[in-house]
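Coordinate inspection notes
Read off the chains here:
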Amino acid sequence: MIYSSNRLYFFLKNEDGLSAVEYIVAGTLVVVLLVAGFALLGTTVDNRLLFLRNALSWE
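For clarity, every value in this text was computed on a predicted model and none was experimentally measured. (Residues numbered from 1 in each chain as written. Predicted model: local features only at pLDDT ≥ 70, side-chain atom pairs only at ≥ 80, totals over all residues. Heavy atoms only, no water.)

Let us now look at the overall build of the protein chain. Within the protein chain one finds two helices and zero strands. The proportion of buried residues among the 59 residues of the protein chain is 0%. (Helix = DSSP H or I, 4+ residues; strand = E, 2+ residues; numbered from the N terminus. Buried < 20%, exposed > 50% of the residue type's maximum accessible area, 1.4 Å probe, protein only.)

Written out as structure tokens, the structure reads:
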């Protein structure tokens, strides 16, 4: 029991874990920004293609 308490204490005092959390947060922000950017870009491209299709329509 004392061994696991010591391990928990040293784990909480070790600051190397903070850098891992920072990488996770930064990675999550990058993914969110990429998804939002691709969604916005996809809508814009879809609207342009729809405009071209309607402009070239024979009807």
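Picking up where we left off.
Now for a nonpolar patch on the surface. A surface patch of nonpolar side chains, amounting to about 830 Å² of accessible area, comprises Val30, Leu34, Phe38, Leu41, Val45, Leu49, Phe51 and Leu52. Mapped onto the secondary structure, valine 30 falls in helix H2 (residues 16-55). What makes valine 30 partly exposed here is its relative accessible area of 48%. (Patch = residues over 30% accessible without salt bridge, like charges linked within 9 Å, V, L, I, M, F, W, Y side chains within 5 Å. Areas by Shrake-Rupley, 256 points an atom, 1.4 Å probe, with all protein chains shown as cover. Salt bridge = Lys/Arg side-chain N within 4 Å of Asp/Glu carboxyl O.)

Here the focus is helix H1 (residues 2-13). Here H1 spans 16 Å end to end across twelve residues, near enough to the 16 Å set by a 1.5 Å rise per residue. Taking burial as the measure, the twelve residues of H1 include zero buried ones, a minor fraction of the element. (Expected span 1.5 Å × (residues − 1).)

Moving on, we come to the UniProt feature "transmembrane region" (unreviewed entry) in the protein chain. According to UniProt, the "transmembrane region" (unreviewed entry) feature falls on residues 20-43. Between the end C-alpha atoms of residues 20-43 there is a gap of 35 Å, over a span that is 100% helix and 0% strand. (UniProt positions renumbered as here; feature names shortened; annotations may be inferred.)

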